[in-house]
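# Tertiary structure, described
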Amino acid sequence: MNNNKHAAPTLIIGVGNEFRCDDAAGIIAVKKLKNLLSDDIAIFESDGDGAKIMDVWNGHSNVILIDAVSFGTPPGTVHIINANEKKFPKETAIHSSHMFSVAEAVETSRVLNKLPENIIIYGIEGKSYEMGKRVSDEVKQSVDKVVSEIQKEFTN
């Protein structure tokens, strides 16, 4: 595990796969945020491996995670989940092609009492997870909204 006690207090994780259409939402968002936020905010791109995510957020008190989701709502819908306040409902699924997903990382960390002090998840409802690089217009617009919201949080 990453026991970096000198880690930046805030970590932003973008989760996704740039070759699975809307699954790229989190990666696109953090790439934009890298150019907009100060260097004292750590930014990490993840392929969705829950075990690696748990390792990366270890030592950070504030975590923002951005990922594509499949909750059955209209494409582009942004779900804001305070993972410290509630568990993930079993019927929800953060889109992941890995055996150990983001949702499982959150719940495992909760059981192990290793969940970051503050963890907010921005889930952007995807439209297509097919192979390819075309991101739907709905997801592009929502990525921009999420990026703008996070930028405001750190520049005010």
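Above: the structure in question.
Residues numbered from 1 in each chain as written. Predicted model: local features only at pLDDT ≥ 70, side-chain atom pairs only at ≥ 80, totals over all residues. Heavy atoms only, no water.

## Re the environment of Val78
- For Val78, the location among the structural elements is in strand E4 (residues 78-82).
- We classify Val78 as partly exposed; its relative accessible area is 31%.
- Non-local contacts of Val78, meaning those with residues more than four positions away in its chain, are made with Tyr122, Gly123, Ile124, Ser142 and Val146. (Helix = DSSP H or I, 4+ residues; strand = E, 2+ residues; numbered from the N terminus. Buried < 20%, exposed > 50% of the residue type's maximum accessible area, 1.4 Å probe, protein only. Contact = heavy atoms within 4.5 Å.)

## Some words on the nonpolar core
- Core analysis: the biggest nonpolar cluster contains 20 residues, and Ile12, Leu33, Ile66, Ile124, Val143 and Ile150 have the highest contact counts within it.
- Elements supplying a minimum of two residues to this core: helix H1 (25-34), strand E3 (62-69), strand E5 (118-125) and helix H4 (137-155).
- Among the elements that line this core, the one with the most residues is H4, at five residues.
- Beyond its immediate chain neighbours, meaning those up to four positions away, Ile150 contacts Ile12, Leu33, Leu37, Ile64, Ile66 and Tyr122. (Core = buried A, V, L, I, M, F, W, Y, C linked by side-chain atoms within 4.5 Å.)

## Some points on unusual backbone geometry
- In this structure, Cys21 takes a positive phi of about 50° despite not being glycine.
- Considering the arrangement of structural elements, one finds Cys21 in the loop between strand E1 (10-15) and H1.
- In the Ramachandran plot, Asn113 falls in the positive-phi region, its phi being about 60° despite a non-glycine side chain.
- By secondary structure assignment, the location of Asn113 is in the loop between helix H3 (102-111) and E5.

## Topic: the packing of helix H2 (residues 50-57) against H3
- At their nearest, the axes of H2 and H3 sit 8 Å apart, and the two run at 50° to each other. What the angle tells us is that H2 and H3 run oblique. Of the two possible hands of crossing, H2 and H3 adopt the one that is right-handed. For the pair formed by H2 and H3, the contact residues are Gly50, Ile53, Met54 and Trp57 on the first element and Val102, Ala105, Val106, Thr108 and Ser109 on the second.
- Counted by class, the contact of H2 with H3 contains six nonpolar, three polar and no charged residues. (Axes fitted to C-alpha atoms, helices over the stretch in contact; angles between N-to-C directions. Parallel < 35°, antiparallel > 145°, perpendicular 65-115°, else oblique. Left-handed = near helix turned anticlockwise from the far one by under 90°. Nonpolar A, V, L, I, M, F, W, Y, C, P; charged D, E, K, R; others polar.)

## Here's the deal with H1
- For H1, the full list of buried residues reads Ala25, Gly26, Ile27, Ala29, Val30 and Leu33.
- Where H1 is buried, its residues meet E1, strand E2 (42-46), E3, E5 and H4.

## Some remarks on the side chain of Ser46
- Mapping Ser46 onto the fold places it in strand E2.
- Judged by its relative accessible area of 4%, Ser46 is buried.
- Here the side chain of Ser46 touches Gly48 through a polar contact of 2.9 Å, landing on its backbone nitrogen.
- In this structure, Ser46 is in contact with Ile13, Gly14, Val15, Gly16, Ile27 and Ile53, ignoring residues within four places of it in sequence. (Polar contact = N/O pair within 3.5 Å; in protein donor to acceptor, adjacent residues only side chain to side chain.)

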